[in-house]
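In case you want the letters, here they are:
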Amino acid sequence: MSVRAFSKSLKELRVHMSQNSPASRGLRDFIVKSYPGLKDANPGLPILIREASGVESRIIARFELGQERKIVVDNLSANDVEKKFNALVSEAK
């Protein structure tokens, strides 16, 4: 993943995933690989990671004016999660 600083209109990222569900494997792999670079490039951006058994794998982005966008990434590979993640954060203007 090419790590970059995100637009200032992106205010928060929330990640929900299961610790052990096969459906969350791609998201877990993506987070393990990408989180350090994302935080280095965006130190002031809150990135909240929530693990709970049996939850739907999803990434939620909060933008200016309280607008939120959610993507569901159940059963996707880490590469597919990365593509959907990049499309989500690209919505920030």
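Up top you'll find the structure we're talking about.
Definitions and cut-offs
- Residues numbered from 1 in each chain as written.
- Predicted model: local features only at pLDDT ≥ 70, side-chain atom pairs only at ≥ 80, totals over all residues.
- Heavy atoms only, no water.
- Pairing = 2+ DSSP bridges.
- Helix = DSSP H or I, 4+ residues; strand = E, 2+ residues; numbered from the N terminus.
- Axes fitted to C-alpha atoms, helices over the stretch in contact; angles between N-to-C directions.
- Right-handed = clockwise from strand over helix to strand, strands pointing away.
- Expected span 1.5 Å × (residues − 1).
- Contact = heavy atoms within 4.5 Å.
- Phe/Tyr/Trp six-rings, centres within 6.5 Å; stacked < 30°, edge-to-face > 60°.
- Buried < 20%, exposed > 50% of the residue type's maximum accessible area, 1.4 Å probe, protein only.
- 1 Å grid on protein atoms, 1.4 Å probe; cavity = no way out; pocket = protein on both sides within 12 Å on 5 of 7 lines; lining within 4 Å.
- Points joined across faces, edges and corners; volume = space filled by probe spheres on them.
- Nonpolar A, V, L, I, M, F, W, Y, C, P; charged D, E, K, R; others polar.

Chemist: It is not clear to me how the sheet that holds strand S2 (residues 47-51) should be interpreted in this structure. Could you clarify?
Modeler: By way of backbone hydrogen bonds, the strands of a sheet pair with one another, either parallel or antiparallel. Strand order across the open sheet formed by 4 strands is S2-S1-S3-S4, with mixed pairing between neighbours. Strands at the two margins of the open sheet, each flanked by one partner only, are S2 and strand S4 (68-72). Averaged over all pairs of adjacent strands, the angle between their axes in this sheet comes to 15°, without regard to strand direction. Pairing geometry for strand S3 (residues 58-63) and S4, over 5 bridges, is antiparallel. Considered in S4, the bridge of Arg 62 is made with Glu 68.

Chemist: Help me understand the pairing of S2 in this model?
Modeler: Side chains on a regular strand alternate between the two faces of the sheet. Inspection of the sheet shows strand S1 (residues 10-17) paired to S2 by 5 bridges, in the parallel sense. By the bridge assignment, His 16 is partnered in S2 with Arg 50. Once you follow S1 into helix H1 (residues 25-41) and on to S2, the crossover reads as right-handed.

Chemist: Is there a simple way to explain helix H2 (residues 78-89) in this structure?
Modeler: Within an α-helix, residues lying three or four positions from one another point in the same direction, as the helix has 3.6 residues per turn. Here H2 spans 16 Å end to end across 12 residues, near enough to the 16 Å set by a 1.5 Å rise per residue. Looking at the buried residues of H2, the elements they touch are S1, H1, S3 and S4.

Chemist: Got a minute to help me understand the packing of aromatic side chains in this structure?
Modeler: The description of an aromatic ring pair uses the distance of the two centres, along with the angle that the planes make with each other. One pass over the structure, following the stated rule, counts 2 aromatic pairs. Here Phe 6 and Phe 85 contribute two aromatic rings whose centre-to-centre distance is 6.0 Å and whose plane-to-plane angle is 70°, an arrangement assigned as edge-to-face. Here Phe 6, found in the segment before S1, pairs with Phe 85, found in helix H2; they are 79 residues apart in sequence, far enough to count as distant. No difference in accessibility class separates Phe 6 from Phe 85, as the two residues are buried. Ring centres of Phe 30 and Phe 85 lie 5.2 Å apart, and the angle between their planes is 55°; on these two criteria the pair is classed as tilted. Pair noted here: Phe 30 is in helix H1 and Phe 85 is in helix H2, with a separation of 55 residues, a long-range link. Phe 30 sits in the buried class, given a relative accessible area of 1%. Looking at Phe 85, the relative accessible area reads 2%, which means it is buried. Each residue in the set Phe 6, Phe 30 and Phe 85 is aromatic and connected to the rest through ring pairs, giving one cluster.

Chemist: For this particular structure, what's the right way to read empty space enclosed by the protein?
Modeler: Taken as a whole and assessed by the stated rule, the structure comprises 1 cavity of 30 Å³ or more. Considering only enclosed or pocket space, the largest cavity measures out at about 40 Å³ in volume. In terms of lining, the largest cavity is formed by Leu 13, Val 15, Phe 30, Ile 31, Leu 38, Ile 47, Ile 59 and Phe 85. Elements represented by at least two residues in the lining of the largest cavity include exactly S1 and H1. Looking at which element gives the most residues to the lining of the largest cavity, the answer is H1, with 3 residues. In terms of residue class, the lining of the largest cavity is built from 8 nonpolar, no polar and no charged.

Limitation: the analysis is restricted to geometry and does not speak to function.
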